[in-house]
Structure formats: C-alpha cells, structure tokens
Amino acid sequence: IHYWSGIEEALQKLGAKVVVTKVPRTGCIRARAQVLHQILETNLSGSNVNLLAHSMGGLDCRYLITHIPTEKSIVRTLTTIATPHHGSPFMDWSFLVYLPFHKQHILFCIPLLEPLIQAFDTPAYSNPTTDYCVNYFNKSIPNNPSVAYYSYDSSTNVPIWSPLYFPYQIIKEKEGPNDGLVSVKSAQWGKYMGTVECDHWDLTN
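This write-up is about the structure you can find in this document. Being a predicted model, the structure only gives us computed values, none of them experimental. Sequence order sets the numbering: in each chain, residues are counted from 1 along the sequence as written. At least 70 in pLDDT is required for a residue's local features to be given in this predicted model, at least 80 for side-chain atom pairs to be given and counted, and no such filter applies to totals for whole chains, interfaces and linings, which use all residues. Processing note: side-chain calculations cover all non-hydrogen atoms of the structure and skip hydrogens and water entirely.

### Observations regarding the sheet that holds strand E3 (residues 148-154)
Note: strands within a sheet are paired through backbone hydrogen bonds, in either parallel or antiparallel orientation.
Here is step 1 of the chain: Here, a strand pair is defined by DSSP locating no fewer than two bridges between the strands. Working definition: helices are DSSP H or I runs of at least four residues, strands are E runs of at least two. Numbering for both runs from the N terminus. Sheet architecture is open: four strands sit in the order E1-E2-E3-E4, paired in parallel fashion. Each edge of the sheet is formed by a strand with only one pairing partner; in this case those strands are strand E1 (48-54) and strand E4 (191-196). Averaged over all pairs of adjacent strands, the angle between strand axes in this sheet comes to 20 degrees, irrespective of strand direction.
Here is step 2 of the chain: Bridge analysis of strand E2 (residues 74-81) against E3 gives five bridges, and the strand direction is parallel. Residue pairing for E3: Thr-79 is matched across the bridge by Tyr-150.
Here is step 3 of the chain: Running over the sheet, helix H3 (residues 56-67) touches E1, E2 and E3 and is turned about 145 degrees from E1. For every element, the axis is a line fit to its C-alpha atoms; helices are fit only across the contacting stretch, and the angle between N-to-C directions ranges from 0 to 180 degrees. Contacts were defined at the residue level, with two residues in contact if any of their heavy atoms lie within 4.5 Å.

Right under this line is the structure:
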C-alpha cells in the first residue's frame, strides 16, 4: 500500500503546503502522537495546520490535540478518514478470541487471515477494541473546542477472495456497512462529511 497516492499532489495544486508524516507502525497511540507532535513543531512552526488522518492516524491526532497541544503551530482542523473512533468488532475478535487461542494452539490458523492478524498483533492495534475506545479513549480524549472535527467513512461489499473479507463479515454482523476494518458507524466523529465507496486500503492507495 502506498499511502496518499496522488493526494499529496492534489493538495499541493490547491496551494497547500503538505507534510506527510510517518509514525511508528507498532507504537501505541500515545507514542505515535508524541512523534507526530515533534514533526509538527519541527516542520510547521508558525503555521495553521489542518490534519488529515486515515484509520488509526485519526486516534493519534485526537490524542495529540487534546493531550500534547502544539506550541509552535496551531491545529485548526482534523479530518479523519475511516478512523475507528468507536472501535472495531474485528479488533474485539482478534484480541479477545483469536490471538489468545492462536498463541496456545500454534497449528490452528486461517491462512488468508494470518498475515492480517500478525500485522495487528502490535501495541498500536491493541487500542481500537470497542470497549477501549468507547469506555476509555473517547471519555479521556474530549474534543478541543478551538479545533473543527470532520469525518469520512467508507463502505463496500468486500469480495470473498480479499484478505479483508473475514473481518468484513465480522463487522457487518455487529455494526452493519463497513470497509473491511471499520464500520460506517464507528468512523463518524465531529461533522460527518459522507461515505466513500471503497475498502479500507483503497482509500489512500
């Protein structure tokens, strides 16, 4: 997956200064937000900043805005795209059912799902369970009244041959329309801007 393919160029054509950030893939939300804070203070000093975040990046940005406010730059808006603001039933299944069982029964696996599960077996992805997001994260990360929050979600019928098909089915059963990792319901935060018809990975590729 090449993140933000064509998006950076499109924003630059509109006259925006674009800084594409990179945070540790395996870090927890707080650690990723700290890295993001440093990048903003270093590269956008004196600037008004509009944050655009995909998936877990939206949670990182919300933590940044609330708990690690920038001093050299001013965050004006946050637009999240397919961010699991209210958690993901697939993360519930992964961390409460599959991973504990799998670590004790090594021979058990779902071949197509295994790479996806291994990618999510990190501190970063232990955070977006529905219980954590609804009962802890959202309660401890209130919106900053000086920042405007916008959100987009995505939804599609994921084909059976896709690695996202299994999580798509789990989420569909619990929360309805989704993009293979995040439901339409979970992705809405602040002012809801609409739904894009594609899967979770196609959004930025």
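Now that the structure is up, let's keep going.
### What to know about the packing of aromatic side chains
Here is step 1 of the chain: Here is the rule: rings of Phe, Tyr and Trp (six-membered ring for Trp) pair when centre to centre is within 6.5 Å. Planes less than 30 degrees apart are stacked, more than 60 are edge-to-face, and the remainder are tilted. Summed over all chains, the structure comprises five aromatic pairs.
Here is step 2 of the chain: Aromatic pair Trp-93 and Phe-166: ring centres 5.0 Å apart, planes at 65 degrees, arrangement edge-to-face. A residue pair is termed long-range when its members are at least 10 positions apart, and Trp-93 in helix H4 (residues 89-104) and Phe-166 in helix H8 (residues 165-175) qualify at 73 residues.
Here is step 3 of the chain: An aromatic cluster is present here, built from Phe-90, Trp-93 and Phe-166 joined pairwise through their rings.
Here is step 4 of the chain: Comment: the charge-over-ring label is applied if NZ (Lys) or CZ (Arg) is within 6 Å of the ring centre and within 35 degrees of the ring normal. Sitting over the ring of Trp-189, Arg-62 keeps its end group 3.7 Å from the ring centre.

### Observations concerning the pattern of salt bridges
Opposite charge on two side chains lets them pair, provided their charged atoms get close.
Here is step 1 of the chain: Counted as salt bridges are all cases of a side-chain nitrogen of Lys or Arg within 4 Å of a carboxyl oxygen of Asp or Glu. Taken as a whole, this structure holds one salt bridge when the rule is applied.
Here is step 2 of the chain: For Arg-32, the salt bridge goes to Asp-60, with nearest N and O atoms at 2.7 Å. Remark: Asp-60 occurs in helix H3 and Arg-32 occurs in helix H2 (residues 29-43); sequence separation between them is 28 residues.

### Description of the nonpolar core
Here is step 1 of the chain: Nine residue types can take part in a nonpolar core, namely buried Ala, Val, Leu, Ile, Met, Phe, Trp, Tyr and Cys, and a core is a set of them joined through side-chain atoms within 4.5 Å. Burial status follows relative accessibility: with a 1.4 Å probe on protein chains alone, a residue under 20% of its type maximum counts as buried, one over 50% as exposed, and anything between as partly exposed. In terms of nonpolar packing, the biggest core is built from 23 residues, with Leu-40, Leu-51, Tyr-63, Leu-64, Ile-65 and Leu-78 touching the most fellow members.
Here is step 2 of the chain: Every element with two or more residues in this core is listed here: H2, E1, H3, E2 and helix H7 (130-140).
Here is step 3 of the chain: Here this core gets six residues from one element, more than from any other, and that element is H3.
Here is step 4 of the chain: With near-sequence residues (within four places) excluded, Leu-40 lies in contact with Ser-45, Val-49, Leu-51, Leu-64, Thr-70 and Ser-73.

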